[in-house]
Amino acid sequence: MNSLVIYFIIFSIRNFTLVEAANNFLPILLITIIPISSWIIYNVRTKKYTDIDVSDRKQRKSLYFFIEGAMIVYLFFVYLRYERIDIVLLFLLILFIVMQISNYFIKSSMHMAFNLFIAALFFTLSPLFGFVWLGLSIIIGLSRIILKRHSPAEVLSGALLASIVSFIYLYVHIQFQ
């Protein structure tokens, strides 16, 4: 989730005044980031999740539903308030739905998928940022294997799912430019 915060901060600095950036970032912070982080921390403290990574496939089921619910609430908020669709969060929601479906077959790496999608977002800002984040994503994927949080197949699965969703996102982004 830190990756998304970093992206939004850089995006806001490049595109908005300080007040506009706050108005754009505050809803996502209050509707998605804080509730999702609080949900994870609460479930770790009450021992419903074994760790903050939510490494257990069965435990991830409730996490996916909570994340998706928060994103849907945010998307409705943006639509009702600004009469627009937040394409970034819409595609992030799609990625999480695909990840949730894949979770029934293989525990795809959420870290890998999420960071590859963030790399695609950075590519829309600057190819240099995109390549830097792509490199960081590869390091994150390798670290998940080294730390024995995922097998190579799980990391590759997360990378494949994110690559497909990211490619479609980039195509749509280019079309709407």
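Here is a short report on the structure shown in this document. (Residues numbered from 1 in each chain as written. Predicted model: local features only at pLDDT ≥ 70, side-chain atom pairs only at ≥ 80, totals over all residues. Heavy atoms only, no water.)

Next up on the list: the packing of aromatic side chains. A complete count under the given rule lists 14 aromatic pairs for this structure. Pairing Tyr7 with Phe122 gives two aromatic rings, centres 5.4 Å apart and planes at 80°, and the pair type is edge-to-face. Taken as a pair, Tyr7 in helix H1 (residues 2–15) and Phe122 in helix H5 (residues 110–125) lie far apart in primary sequence, 115 residues in all. For Phe122, a relative accessible area of 2% puts it in the buried group. Feature note: the residues Tyr7, Phe8, Phe11, Phe16, Phe25, Phe122, Phe129 and Trp133 constitute an aromatic cluster, connected by ring pairs. (Phe/Tyr/Trp six-rings, centres within 6.5 Å; stacked < 30°, edge-to-face > 60°. Helix = DSSP H or I, 4+ residues; strand = E, 2+ residues; numbered from the N terminus. Buried < 20%, exposed > 50% of the residue type's maximum accessible area, 1.4 Å probe, protein only.)

Where helix H4 (residues 87–103) meets helix H7 (residues 152–175), the axes come as close as 10 Å, and the angle between the chain directions of the two elements is 155°. What the angle tells us is that H4 and H7 run roughly antiparallel. In the crossing of H4 with H7, the sense of the turn from one axis to the other is right-handed. Touching Ile87, Val88, Phe91, Ile94, Leu95, Val98, Met99 and Ser102 of H4 are Leu161, Ala162, Val165, Ile168, Tyr169 and Val172, all from H7. A breakdown of the residues in the contact of H4 with H7 according to their chemical character gives 13 nonpolar, 1 polar and no charged. (Axes fitted to C-alpha atoms, helices over the stretch in contact; angles between N-to-C directions. Parallel < 35°, antiparallel > 145°, perpendicular 65-115°, else oblique. Left-handed = near helix turned anticlockwise from the far one by under 90°. Contact = heavy atoms within 4.5 Å. Nonpolar A, V, L, I, M, F, W, Y, C, P; charged D, E, K, R; others polar.)

Here the focus is the nonpolar core. Counting residues in each nonpolar core, the largest one holds 46 residues, and the members touching the most others are Leu89 and Leu92. Residue assignment for this core shows that the elements contributing at least two residues are H1, helix H2 (18–45), helix H3 (57–82), H4, H5 and H7. Ranked by residue count, the leading element in this core is H5, at 11 residues. Setting aside residues no more than four positions away along its own chain, Leu92 makes contact with Leu4, Met71, Phe114 and Phe117. (Core = buried A, V, L, I, M, F, W, Y, C linked by side-chain atoms within 4.5 Å.)

Moving on, we get to the packing of H1 against H2. Between H1 and H2, the shortest axis-to-axis distance is 9 Å and the interhelical angle comes to 165°. On the basis of their axis angle, the class for H1 and H2 is roughly antiparallel. Handedness of the H1/H2 crossing: right-handed. Packed against H1, whose contacting residues are Val5, Phe8, Ser12 and Asn15, the element H2 presents Glu20, Ala21, Phe25, Ile28 and Ile33 at the interface. Tallied by class, residues from the contact of H1 with H2 come to 6 nonpolar, 2 polar and 1 charged.

Counting along an α-helix, one turn takes 3.6 residues, and residues three or four places apart therefore face a common direction. Here H3 spans 37 Å end to end across 26 residues, near enough to the 38 Å set by a 1.5 Å rise per residue. For H3, the full list of buried residues reads Gln59, Arg60, Leu63, Tyr64, Ile67, Glu68, Ala70, Met71, Tyr74, Leu75 and Val78. In this structure, the buried residues of H3 make contact with H2, H4 and H5. Of the residues flanking the start of H3, the one acting as N-cap is Asp56, its side-chain oxygen 2.9 Å from the backbone nitrogen of Lys58. Glu83 occupies a position one or two residues after H3 and carries a positive phi of about 55°. (Expected span 1.5 Å × (residues − 1). Polar contact = N/O pair within 3.5 Å; in protein donor to acceptor, adjacent residues only side chain to side chain.)

Attention now moves to H2. Largest kink in H2: about 45°, centred on Leu29. Along H2, the residues that are buried comprise Ala21, Phe25, Pro27, Ile28, Ile31, Thr32, Ile33, Ile36, Ile40 and Asn43. (Bend = angle between axes of the 7 residues up to and from the residue.)

Now for the environment of Ala113. Along the chain, the position of Ala113 falls in helix H5. In this structure the C-alpha to C-alpha distance between Ala113 and Gly141, which are 28 residues apart in sequence, comes to 9.0 Å. Those residues in contact with Ala113 that lie beyond four places of it in its chain are Leu95, Met99, Gly158 and Ala162.

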